[in-house]
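A look at the structure
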Amino acid sequence: MIRVGTAGWDYNDWAGIVYPAPKPKGFDPLRYLSRYLDTIEVNSTFYRPAAATSARSWVERVDENADFRFTAKLWKRFTHERETAWTPEEVGAVRDAFDPMAEAGKLGAVLVQFPWSFRNTEENEEWLRDVMGAFKEYPLVVEVRHDSWLSAAFLHELSEAGVGFVNIDQPQFADSVGPTAIATGPVGYVRVHGRNYHDWWRKDAGVEARYDYLYSADELRPWVERTEEIAQAPETENVFVVTNNHYHGQAVANALMAKSMLEEGGPEPPAPPSLVERYPEALEGRVRPVALGG
């Protein structure tokens, strides 16, 4: 099954675009978004481990969508803070949040995301093997951004471990991983970050500027084709497509565009009317404006 969704759901600048403004009493943005999309990538677990109570709440709030699965980013302690070895207590803190989602059948993947500075060296290979071993009970996918990792040996190692490779769209610079359609495990994964070349590496650019990008249909179509290729690989059981260009709800617009293109010939997927009004050129003729409530 191919699930399409966004990276995160809690953005103030989505008010009046993705979510109604003012928000009705008792409005739940997670529940609301899960009525339109079949996956959401949890970003907050990258910055700190979540409490088990939070994870159980997330599961309960998406229970109306039987097909819905979360993906969740691994805590940056294991990917970006590599000066010292982690502790068993830190591993346990991560599991406290992931276990309730897994036990409920709602954890589709754990995203192990490394920065561009993480190169393919013996030391880094060993670190990655240790991370995969520490969390081997989860459906892991690995995102690397430096093209030194695009070797047959590394991809074979992922396949042997049953770990998925994350195919990414990002601004292309020297030694950046380019577009791929690689499947190495039961979980196929695609992440599109936008193509804001001007602000991607600018030191004073905030996340709003870096992820301010709306894909056109022509730009998305090759990724739809790659997603279908990944889905057809013999080892693939599920595929997740995650849009990370979140500024002003563009990620939701592009997720619904991709969903429509993947389901071409079927019924038009529903979309928040305010989103269609904001991005008519992207969405009109592809989706049905429907207010599903939250």
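One can find the structure itself at the top, above this paragraph.
Here the residue numbering is sequential within each chain, running from 1 through the sequence in written order. Thresholds applied to this predicted model are a pLDDT of at least 70 for local features of residues and 80 or more for the giving and counting of side-chain atom pairs; totals over whole chains, interfaces and linings are not thresholded and use all residues. Each side-chain value is derived from all of the structure's non-hydrogen atoms; neither hydrogens nor water enter the calculation.

Any Lys or Arg side-chain nitrogen found within 4 Å of a carboxyl oxygen on Asp or Glu counts as a salt bridge. Inspection of the entire model under this criterion finds 16 salt bridges. When the shortest N-O distance is used, the salt bridge between E137 and R95 registers 2.9 Å. Pair noted here: E137 is in the loop between α5 (122-134) and β5 (140-143) and R95 is in helix α4 (residues 88-103), with a separation of 42 residues, a long-range link. For the salt bridge of R195 with D169, the shortest nitrogen-to-oxygen distance reads 2.9 Å. One end of the pair, R195, is in the loop between β7 (187-192) and α7 (197-200); the other, D169, is in strand β6 (residues 164-169), with 26 residues separating them in the sequence. For helices the rule is a DSSP run of H or I covering at least 4 residues; for strands it is a run of E covering at least 2, with both sets numbered from the N terminus onward.

Attention now moves to the sheet that holds β6. Taking strand neighbours around the barrel as the criterion, the 8 strands line up as β1-β2-β3-β4-β5-β6-β7-β8 in a closed arrangement whose pairing is parallel. Sheet twist, expressed as the mean angle between neighbouring strand axes with direction ignored, is 25 degrees. Strand pairing requires that DSSP identify at least two bridges connecting the strands. Note that β7 and strand β8 (residues 238-243) share 6 bridges and pair parallel. Following the sheet pairing, V190 is matched in β8 by V241. Should any heavy atoms of two residues lie within 4.5 Å, those residues are considered in contact. Axes, fitted as lines to C-alpha atoms, cover a helix only where it is in contact. Angles between the N-to-C directions of the axes lie from 0 to 180 degrees. Helix α9 (residues 217-232) rests against β1 (2-7), β6, β7 and β8 of the sheet, and its axis sits at about 170 degrees to β7.

Only centres within 6.5 Å qualify two rings of Phe, Tyr or Trp (six-membered ring in Trp) as a pair; their planes then separate them into stacked at under 30 degrees, edge-to-face at over 60, and tilted for everything else. Counting across every chain of the model gives 21 aromatic pairs. Ring plane angle 50 degrees and centroid distance 5.8 Å describe the contact between W14 and Y19, whose orientation is recorded as tilted. With a centroid separation of 5.2 Å and an interplanar angle of 90 degrees, the aromatic rings of W86 and W127 are classed as edge-to-face. Here W86, found in the loop between β3 (69-73) and α4, pairs with W127, found in helix α5; they are 41 residues apart in sequence, far enough to count as distant. Each member of the aromatic cluster is reached from another via a ring pair, and the members are W75, F78, W86, F98, W127, F135 and Y138. Cation over ring: K73 sits above F46, and NZ or CZ is 4.5 Å from the ring centre. In this scheme, Lys NZ or Arg CZ marks a charge over a ring once it lies within 6 Å of the ring centre and within 35 degrees of the ring normal.

Quick look at the nonpolar core now. In terms of nonpolar packing, the biggest core is built from 81 residues, with F98, F135 and L283 touching the most fellow members. Broken down by element, the residue count for this core peaks at 8 residues, all from helix α10 (residues 250-262). Not counting the four nearest positions on each side in its chain, L283 is found in contact with A253, L256, M257, L275 and V276. Note on terminology: a nonpolar core comprises buried Ala, Val, Leu, Ile, Met, Phe, Trp, Tyr and Cys residues joined through side-chain atoms within 4.5 Å. The classification of residues rests on relative accessible area computed with a 1.4 Å probe and restricted to protein chains. Under 20% of the type maximum is buried, over 50% is exposed, and intermediate values are partly exposed. Within the second largest apolar cluster, 11 residues are counted, among which are V166, I168, Y189 and V242.

Now for the environment of L37. Here L37 is to be found in the loop between α1 (29-34) and β2 (39-42). Taking C-alpha positions, L37 is 26 Å from V144, a pair spaced 107 residues apart along the chain. Excluding anything up to four places from it in sequence, L37 contacts V4, G5, T6, N65, F68, A255 and L256.

Geometric values such as these leave the question of function open.
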